[in-house]
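# Observations on chain architecture
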Amino acid sequence: MSSQLNGGSPRYNPLESMNRRFDTAVEILGLDKQFADVLRVPDKVVICNIPVTMDDGTIKVFEGFRVVHSDHLGPSKGGIRFSPDVNLDEVKALAAWMTWKCAIVNIPYGGAKGGVKCDPRSMSKGELERLTRGYTIAMKDVFGPESDIPAPDMGTGPQEMAWIVDEYSKVKGQNAWAVVTGKPIVLGGSLGRVEATGRGVMVSTRTALAKMGIKPSEATCVVQGFGNVGSISARLISQMGVKIVGISDVSGGYYNPEGIDVNDAVEYVKNSPKRNLEGFPNVSLISNSELLELNCTVLVPAAMEDQITPENAHNIKAKLIVEGANGPTTAAADAILEEKGVLVVPDILANAGGVTVSYFEWVQNRLGYYWTEERVNRRADRAMKIAFENIYNAAAKYKVNMRVAAYVVALDKVSQTLKLRGLF
Ligand code: GLU
């Protein structure tokens, strides 16, 4: 997202936030320091420089990363982010979050993340294709259906995944569908994958509201970010009967206390010249910081890291926060929200629906047998519901908030596998 959002500010570091929660969980579990030391740092960090011929004939070099945080539970898994602000600490945090996320939803993967420092919005399709293929070649010995499986993240989608599967398959001399997930349906993608993260956010919202004794028809919701996760979360949450009163994207925040028709907003973005919400009618234009502080029952931050900070956490009015983005709340803001009695469904639980359906895609690729959308959704909803209940119960057991509980459950599982497998 843009500089309009306060994210990307050098004042906050997602890796520091991740480490603070990690240390809390280590303490609660009484985890042996040796195991904590292994899991605090990534297994592997690969940095590459990718030369790309631009449309005007000049050559530009782009920096790329792939961080493998762990592979104790299975091949490492995680998306690739194309963004001008992406940096190594951010990718390290995102890779570790993938480890915890996969453990929470009980899928047999470790965690990884990739990033390429580029501005995809200002690049042509041809430039993006050459960049994606160059990145794939640079990572050809890291990626693999049994070793490390990328997927989409901010700035990438099914088209980039199609180029990855094509380039990797060419290098290996055979079709390797299972090397990447989030592919187009005709190229071995899974039905339901595009909607999966937003769907998991909806299931988390529905389950949390039920725990709080709030009927969807009595709730209002604000969604920050209108990309894949934000727009689909907003649509599915509104289909539950919750009134969406605020949405936002790079162009600003949009508020209507009477409710916003999410389908109209999606259509509007599709047809707008800049592919964003600028000029969307029948709403008041507000800033992104005002959006986060709106009066509402549920707040879904689905844009990027470090949006809820000690500077604005006191002003948040939502009773429930469901984190669609990775790392939208800084560690320092956790305590403030807890004191205010806000229920936070943490990122590593709330947005785990995406990687869950990525796992289903990988399973279908390996089986060569493809499921109906109904089967995908049913299994993904069930996985999310079970994970939610586990974390909710762990929070009660350890007398901690759901974020700390999520880290405790994940760390407990991964450290057990580490102990059983041994280090070498
Ligand atoms: N990028 C998504 C995430 O952060 C999906 C990762 C995947 O499907 O592997 O969870």
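On to the pairing of strand E6 (residues 220–224). Burial analysis of E6 places four of its five residues in the buried class, which makes it a mostly covered element. The pairing of E6 with strand E7 (residues 243–249) spans four bridges and is classified as parallel. Residue Cys-221 lies in a different strand from E7, and its bridge partner there is Ile-244. A crossover connection joins E6 to the parallel E7 through helix H7 (residues 228–239); in handedness this β-α-β unit is right-handed. With four bridges joining them, E6 and strand E10 (residues 298–301) adopt parallel strand pairing. Along E10, the bridge assignment pairs Val-222 with Leu-299.

In this section: the site of the ligand. With respect to spatial proximity, 14 residues lie near the ligand, and among them Lys-77, Lys-101, Pro-152, Asp-153 and Ser-358 are the closest. Separating an oxygen atom of the ligand from a side-chain N or O atom of Arg-193 is a distance of 3.0 Å. Burial of the ligand by the protein amounts to 94% of the accessible area it has alone, namely 290 Å². Broken down by secondary-structure element, the contributors of at least two residues to the shell around the ligand are strand E3 (76–83), helix H3 (88–104), strand E5 (148–152) and helix H12 (353–367). Counted by class, the shell around the ligand contains four nonpolar, five polar and five charged residues.

Let's shift gears to the sheet that holds strand E12 (residues 343–345). Reading across from one edge, E9-E8-E7-E6-E10-E11-E12 is the order of the seven strands in this open sheet, with mixed pairing throughout. On the outer flanks of this sheet lie strand E9 (284–286) and E12, each paired with one strand and no other. Within the sheet, the average angular offset between the axes of one strand and its neighbour, ignoring direction, is 20°. The pairing of strand E8 (residues 252–255) with E9 spans three bridges and is antiparallel. Its bridge partner being in E9, Gly-253 is matched across the sheet by Ile-286.

In this section: the confidence of the model for the protein. Averaged over all residues, the pLDDT of the protein is 95; the fraction at 70 or higher stands at 97%. Note that residues 1–8 has pLDDT below 50 and, in this model, 24 contacts with residues that lie over four places away or in other chains.

Of note, Val-283 is situated in the loop between helix H8 (262–271) and E9. For the pair Val-283 and Lys-113, spaced 170 residues apart in sequence, the C-alpha to C-alpha distance is 37 Å. Each residue touching Val-283, except ones within four places of it in the same chain, is listed here: Tyr-254, Tyr-255, Asn-256 and Ile-260.

Working note: α-helix, 3.6 residues per turn, so residues spaced by three or four point in the same direction. Compared with an ideal rise of 1.5 Å per residue, which puts 17 residues at 24 Å, H3 spans 24 Å between its outermost C-alpha atoms and is within 8% of the ideal. In terms of burial, H3 is a largely internal element, 14 of the 17 residues being buried. Between the side-chain oxygen at the start of H3 and the backbone nitrogen of Asp-89 there is a gap of 3.2 Å, and the oxygen is on Asn-87.

This brings us to the pattern of salt bridges. Side chains bearing opposite charge may pair, as long as their charged atoms lie close to each other. The full count for this structure, using the stated rule, is 28 salt bridges. Salt-bridge contacts for Arg-133 lead to Glu-167; the nearest nitrogen and oxygen are separated by 2.7 Å. Of this pair, Arg-133 sits in helix H4 (residues 125–138) while Glu-167 is found in helix H5 (residues 158–172), placing the two residues 34 residues apart along the sequence. Looking at Arg-133, the relative accessible area reads 17%, which means it is buried. Within this structure, Arg-21, Glu-323, Asp-334, Asp-347 and Arg-403 form a network of salt bridges that share partners.

Interaxial distance between helix H13 (residues 373–398) and helix H14 (residues 402–421) falls to 8 Å at its minimum, and their mutual angle equals 105°. Accordingly, the angle class assigned to the pair H13 and H14 is roughly perpendicular. Between H13, through Phe-388, Ile-391, Tyr-392, Ala-394, Ala-395 and Tyr-398, and H14, the contact on the second element is made entirely by Met-402, Ala-405, Ala-406, Val-408 and Val-409. Taken together, the residues of the contact of H13 with H14 break down into 11 nonpolar, no polar and no charged.

This part takes up the environment of Leu-285. Along the chain, Leu-285 turns up in strand E9. When the C-alpha positions of Leu-285 and Tyr-254 are compared, they lie 4.9 Å apart, and in sequence the two are 31 residues distant. Setting aside residues no more than four positions away along its own chain, Leu-285 makes contact with Ser-251, Gly-253 and Tyr-254.

Quick look at H8 now. Where H8 is concerned, the buried positions are Val-262, Ala-265 and Val-269. What you see down the axis of H8 is that its buried residues fit within an arc of 55°, all on one side. Packed against the buried residues of H8 are H7 and E7. Two or three places before Asn-263, at the opening of H8, Asp-261 has a side-chain oxygen 3.0 Å from that residue's backbone nitrogen.

Applying the stated criterion across every chain, the model contains nine aromatic pairs. Considering the side-chain rings of Tyr-268 and Phe-280, the 5.5 Å spacing of their centres and the 70° angle between planes classify their relative orientation as edge-to-face. In this pair, Tyr-268 sits in helix H8 while Phe-280 sits in the loop between H8 and E9, placing the two residues 12 residues apart along the sequence. For Tyr-268, a relative accessible area of 27% translates into the label partly exposed. Site record: aromatic cluster; members linked through ring pairs are Tyr-109, Tyr-359, Phe-360, Trp-362 and Trp-371. Sitting over the face of the ring of Trp-371, Arg-375 holds its NZ or CZ atom 5.8 Å from the ring centroid.

Rules used in this analysis
Residues numbered from 1 in each chain as written. Predicted model: local features only at pLDDT ≥ 70, side-chain atom pairs only at ≥ 80, totals over all residues. Heavy atoms only, no water. Buried < 20%, exposed > 50% of the residue type's maximum accessible area, 1.4 Å probe, protein only. Helix = DSSP H or I, 4+ residues; strand = E, 2+ residues; numbered from the N terminus. Pairing = 2+ DSSP bridges. Right-handed = clockwise from strand over helix to strand, strands pointing away. Near = heavy atom within 4 Å. Polar contact = N/O pair within 3.5 Å; in protein donor to acceptor, adjacent residues only side chain to side chain. Areas by Shrake-Rupley, 256 points an atom, 1.4 Å probe, with all protein chains shown as cover. Nonpolar A, V, L, I, M, F, W, Y, C, P; charged D, E, K, R; others polar. Axes fitted to C-alpha atoms, helices over the stretch in contact; angles between N-to-C directions. pLDDT = per-residue confidence, 0-100. Contact = heavy atoms within 4.5 Å. Expected span 1.5 Å × (residues − 1). Salt bridge = Lys/Arg side-chain N within 4 Å of Asp/Glu carboxyl O. Parallel < 35°, antiparallel > 145°, perpendicular 65-115°, else oblique. Arc of directions from axis to C-beta. Phe/Tyr/Trp six-rings, centres within 6.5 Å; stacked < 30°, edge-to-face > 60°. Lys NZ or Arg CZ within 6 Å of the ring centre and 35° of its normal.

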